[in-house]
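Now for the letters of each chain:
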Amino acid sequence: YHMKVETESVQSFLNCRDDHSIKDFDKFHFSPRSVPYKHMPCYVLKMFGELGFINTWRIKTTTLARFILFVKKGYRDAPYHNWVHAFSVAHFAYLLMVNLNLIKNDYITSLQGLAFLVSCLCHDIDHRGTNNSFQTKCGTVLASLYSSEGSVMERHHLAQSMCILNTDGCNIFESLSSEEYSEVLDLLRNNILSTDLTSHFRMAEQQREMISAGFKKNDPTHRKLLLAMFMTCCDLSDQTKDWRVTKKTAEQIYDEFFSQGDLEKSMGTAPAEMMDRERASIPDLQVQFITNLVLPLFKNLADLFPAAQPLVDTIINNKNVWKHARHLFQEYSQNGTKSMEILL
Ligand SMILES: Cc1nc2ccc(C(=O)NCC(C)C)cc2n2c(-c3cc(OC(C)(C)C)ccc3Cl)nnc12
Ligand SMILES: [Mg+2]
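Just so you know, these numbers come straight off a predicted model, no measurement behind them. (Residues numbered from 1 in each chain as written. Chains lettered and ligands numbered in written order. Predicted model: local features only at pLDDT ≥ 70, side-chain atom pairs only at ≥ 80, totals over all residues. Heavy atoms only, no water.)

Student: Pulling in residues and values, what's your account of the overall build of the chain?
Tutor: Scanning the chain for helices and strands turns up 15 helices and zero strands. Along the three orthogonal principal directions, the C-alpha set of the chain runs to about 60 × 55 × 50 Å. Buried positions account for 54% of the 344 residues belonging to the chain. Entry remark: accessible area of the chain is about 15,800 Å², with carbon and sulfur atoms responsible for 54%. Separation of charge centres in the chain, based on 36 positive and 39 negative side chains, amounts to 2 Å. (Helix = DSSP H or I, 4+ residues; strand = E, 2+ residues; numbered from the N terminus. Buried < 20%, exposed > 50% of the residue type's maximum accessible area, 1.4 Å probe, protein only. Areas by Shrake-Rupley, 256 points an atom, 1.4 Å probe, with all protein chains shown as cover. Lys, Arg positive; Asp, Glu negative; His and termini not counted. Charge placed at Lys NZ, Arg CZ, Asp CG, Glu CD.)

Given below as structure tokens:
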């Protein structure tokens, strides 16, 4: 049986070498969700290779392959917070490093780049499709473990990632010196914890000040804020793709949110409006989310990196489609078609 699993997993790393059907993999407009599911592990390996991490950090290919498969297995089949989300977030980290030349232009070091890519891949491992307030409200096991420190889910994602690194034959950082090793684990921790909404809001203010005051490449605090900003950009990168992608993502997210709302109702607690399928208006919520969170973040990115301006334009286009959708929804919802099908 083990032979079968091993050969199957080895096979899953060979089939993207000759896959010439994928064009523009390195471009901002490319949608990683269009990569065939069974080719995703192979494209992760490709990204590590293209960024030079395999050679620079002496990563054994078999170790990296096994690590990727363990990370993939660590994700559940939640409607949104699944392996495909992790792959798309990691792909955007790759796009930022390639298109903004982050390492070549000394915005980040190669070690920070390695930690950045690994953090994106691992940032939502073992997500259950419910958010932090659900954990504390319902007193889940994860809440009992982490609620005193906050960022309950993110601490769990980090703990799961550490478990995989400590699994035989999966430690991709084994060739690093002890200084590099402790630095990369520090980076992993900061990056994964920065994908918590509350820590994002706390850092968003400092990021704005950093950019208006002028970014300093060798300022360690600026470095930390920049990496946190990159993590959130990657987590929200579906918003930078064409309408079909952002629409599909919204369907998956609200599928997850409404399931949590149903669960909370069955437990006798009232869900937030965005989690309540009876009350939520998806276009309104999306216009708010894009206006309050997504746009300010990517405007900051474009202030620092003008090459990222096309991303802001795409986000604004998608926001306008949601604005137009609001009228459609109001019109149709009188006839009860509250579903997303009516959106082209
Ligand atoms: C399309 C899209 N709509 C969303 C609508 C609402 C919310 C939500 O949680 N609202 C609560 C208030 C307090 C803001 C999140 C949404 N969302 C995310 C997302 C981002 C996350 O965290 C970072 C990356 C740090 C922002 C964490 C979890 C998620 Cl699901 N990703 N895509 C989306
Ligand atoms: Mg998360």
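Student: Any details on the packing of aromatic side chains? Residues and values, ideally.
Tutor: This model, assessed by the stated rule, comprises 15 aromatic pairs. Through pairs of rings, three or more aromatic residues link up here, namely Tyr107, Phe116, Phe215, Phe230 and Phe305. (Phe/Tyr/Trp six-rings, centres within 6.5 Å; stacked < 30°, edge-to-face > 60°.)

Student: Can you explain the environment of Cys234? Please cite residues and give values.
Tutor: Relative to the assigned elements, Cys234 resides in helix H12 (residues 220–235). A relative accessible area of 0% places Cys234 in the buried class. In this view, Cys234 contacts Val89, Phe92, Ala93, Leu96, Phe116 and Cys120; residues no more than four positions away in its chain are not counted. (Contact = heavy atoms within 4.5 Å.)

Student: Can you explain the confidence of the model for the chain? Please cite residues and give values.
Tutor: On average, residues of the chain score 94 in pLDDT, and 94% of them are at 70 or above. The element-level mean pLDDT for the chain is lowest in helix H1 (residues 2–11), coming to 64, with helix H6 (residues 110–122) highest at 99. Model confidence for the complex: the whole-complex pTM is 0.96, and ipTM, which rates the interface, is 0.99. (pLDDT = per-residue confidence, 0-100.)

Student: Before we move on, can you summarise the site of ligand 1 with the specific residues and values?
Tutor: For ligand 1, the set of nearby residues contains 16 residues, the closest of which are Leu197, Gln239, Ile253, Gln286 and Phe289. Within the contact set of ligand 1, a nitrogen atom lies 3.2 Å away from a side-chain nitrogen or oxygen of Gln286. Burial of ligand 1 by the protein amounts to 82% of the accessible area it has alone, namely 680 Å². Partitioning the shell around ligand 1 into residue classes produces nine nonpolar, six polar and one charged. (Near = heavy atom within 4 Å. Polar contact = N/O pair within 3.5 Å; in protein donor to acceptor, adjacent residues only side chain to side chain. Nonpolar A, V, L, I, M, F, W, Y, C, P; charged D, E, K, R; others polar.)

Student: Requested: an account of the pattern of salt bridges, with residues and values cited.
Tutor: Any two side chains of opposite charge can pair if their charged atoms end up close together. This model, assessed by the stated rule, comprises 13 salt bridges. Between Asp126 and Arg128 there is a salt bridge; the shortest N-O distance is 2.8 Å. Classification of Arg128 by relative accessible area gives partly exposed; the value is 34%. Connected through salt bridges with shared partners, the residues Arg76, Asp126 and Arg128 form a single ionic network. (Salt bridge = Lys/Arg side-chain N within 4 Å of Asp/Glu carboxyl O.)

Student: Give me the side chain of Arg155: which residues, what numbers.
Tutor: In this structure, Arg155 sits in helix H9 (residues 152–165). Glu149 is the oppositely charged side chain nearest to the buried, salt-bridge-free Arg155, at an N-O distance of 4.8 Å. Looking at Arg155, its side chain comes within polar contact range of the main-chain oxygen of Gly150, at 3.0 Å. Apart from residues no more than four positions distant in its own chain, Arg155 is found in contact with Tyr146, Glu149, Gly150, Arg189 and Leu193.

Student: Now, about the packing of helix H2 (residues 40–50) against helix H4 (residues 61–74): what can you tell me, with residues and values included?
Tutor: The geometry of H2 relative to H4 is characterised by a closest axis approach of 10 Å and an angle of 130° between their N-to-C directions. Judged by the angle between their axes, H2 and H4 are oblique. Between H2 and H4 lies a crossing of right-handed hand. Contact residues: Pro41, Val44, Leu45 and Phe48 in H2; Thr61, Leu64, Ala65, Ile68, Leu69 and Lys72 in H4. Of the residues belonging to the contact of H2 with H4, the class tally is eight nonpolar, one polar and one charged. (Axes fitted to C-alpha atoms, helices over the stretch in contact; angles between N-to-C directions. Parallel < 35°, antiparallel > 145°, perpendicular 65-115°, else oblique. Left-handed = near helix turned anticlockwise from the far one by under 90°.)

Student: Give me unusual backbone geometry: which residues, what numbers.
Tutor: The phi dihedral of Asp24 is positive, around 65°, even though this residue is not glycine. Within the secondary structure layout, Asp24 lies in the loop between H1 and H2. Residue Asp24 is classed as partly exposed on the basis of its relative accessible area of 36%.

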